[in-house]
Amino acid sequence: MIALAYLAALLGVIGCMALLDHRFRLVFWADARRGLLTIAIGAGVFLIWDVVAIAAGFYHKGDSPAMTGILLAPELPLEELFFIVFLCYLALVVHGLISLVLRRQEQP
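Residues numbered from 1 in each chain as written. Predicted model: local features only at pLDDT ≥ 70, side-chain atom pairs only at ≥ 80, totals over all residues. Heavy atoms only, no water.

## Brief notes about the layout of surface pockets
Then step 1. Its boundaries defined by the atoms lining it, the largest pocket holds a volume of some 230 Å³.
Then step 2. Taken together, 13 residues line the largest pocket, and the ones lying closest to its centre are Leu26, Val27, Arg34, Leu92 and His95.
Then step 3. Of all the elements in the fold, those that place two or more residues in the lining of the largest pocket are helix H2 (32–55) and helix H3 (78–106).
Then step 4. No other element matches the 5 residues that H3 contributes to the lining of the largest pocket.
Then step 5. Grouping the amino acids of the lining of the largest pocket by side-chain chemistry returns 4 nonpolar, 5 polar and 4 charged.
Then step 6. Computed from the structure, the second largest pocket encloses a volume of approximately 150 Å³.
Then step 7. Lining the second largest pocket are 13 residues; nearest its centre among them are His60, Lys61, Glu75, Pro77 and Glu80. (1 Å grid on protein atoms, 1.4 Å probe; cavity = no way out; pocket = protein on both sides within 12 Å on 5 of 7 lines; lining within 4 Å. Points joined across faces, edges and corners; volume = space filled by probe spheres on them. Helix = DSSP H or I, 4+ residues; strand = E, 2+ residues; numbered from the N terminus. Nonpolar A, V, L, I, M, F, W, Y, C, P; charged D, E, K, R; others polar.)

As structure tokens, this is what we get:
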């Protein structure tokens, strides 16, 4: 069961971000297609970055009992994909929240 801990934590924080997104209509609830495309492009760029870094010998898969052990490619664990998606989603949600606060401050 501990082998799913990191993946479960990532899914949990992504779920919490989705709740914020839903409440304030920031990303997917504002424009689902644009949000999905933005996250897909961002995740694609970071995955390419990871693959290049792995090929150059900069990154290595860590050994942790909290990881599933599932690899998407040599030295690229499944959890890395979810972490990248989390970072992209986090950036969009934070941007949306900042924009929302600034818009509310401009209103008389």
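## Here's the deal with a nonpolar patch on the surface
Then step 1. Together, Leu87, Leu90, Val94, Ile98 and Leu102 make up an exposed nonpolar region whose accessible area comes to about 390 Å².
Then step 2. Within the element layout of this structure, Leu102 appears in helix H3. (Patch = residues over 30% accessible without salt bridge, like charges linked within 9 Å, V, L, I, M, F, W, Y side chains within 5 Å. Areas by Shrake-Rupley, 256 points an atom, 1.4 Å probe, with all protein chains shown as cover. Salt bridge = Lys/Arg side-chain N within 4 Å of Asp/Glu carboxyl O.)

## Observations concerning the packing of aromatic side chains
Then step 1. One pass over the structure, following the stated rule, counts 3 aromatic pairs.
Then step 2. Ring centres 6.4 Å apart and planes at 40° place the aromatic pair Phe83 and Phe86 in the tilted group. Note that Phe83 and Phe86 are positioned in helix H3 at a spacing of 3 residues, about one turn of the helix.
Then step 3. The aromatic ring of Phe24 is capped on one face by Arg23, whose charged end is 4.7 Å from the ring centroid. (Phe/Tyr/Trp six-rings, centres within 6.5 Å; stacked < 30°, edge-to-face > 60°. Lys NZ or Arg CZ within 6 Å of the ring centre and 35° of its normal.)

## Remarks on the nonpolar core
Then step 1. Of all hydrophobic cores here, the largest spans 11 residues; its members are Ile14, Met17, Leu26, Val27, Ile39, Ala43, Ile84, Phe86, Cys88, Tyr89 and Val93.
Then step 2. Broken down by secondary-structure element, the contributors of at least two residues to this core are helix H1 (5–24), H2 and H3.
Then step 3. Top element by residues in this core is H3. It accounts for 5 residues.
Then step 4. The residues contacting Ala43, other than those within four sequence positions of it, are Ile84, Val85 and Cys88. (Core = buried A, V, L, I, M, F, W, Y, C linked by side-chain atoms within 4.5 Å. Buried < 20%, exposed > 50% of the residue type's maximum accessible area, 1.4 Å probe, protein only. Contact = heavy atoms within 4.5 Å.)

## Description of the packing of H1 against H3
Then step 1. Relative orientation of the contacting elements H1 and H3 amounts to 25°, with a least axis distance of 10 Å. Taken together, the axes of H1 and H3 lie roughly parallel to each other. Where H1 crosses over H3, the two elements pack in a sense that is left-handed. For the pair formed by H1 and H3, the contact residues are Tyr6, Leu7, Leu10, Leu11, Val13, Ile14, Met17, Ala18, Leu20, Asp21 and Phe24 on the first element and Leu78, Glu79, Phe82, Phe83, Val85, Phe86, Tyr89, Leu90, Val93, Leu97 and Leu100 on the second.
Then step 2. Taken together, the residues that form the contact of H1 with H3 break down as 20 nonpolar, no polar and 2 charged. (Axes fitted to C-alpha atoms, helices over the stretch in contact; angles between N-to-C directions. Parallel < 35°, antiparallel > 145°, perpendicular 65-115°, else oblique. Left-handed = near helix turned anticlockwise from the far one by under 90°.)

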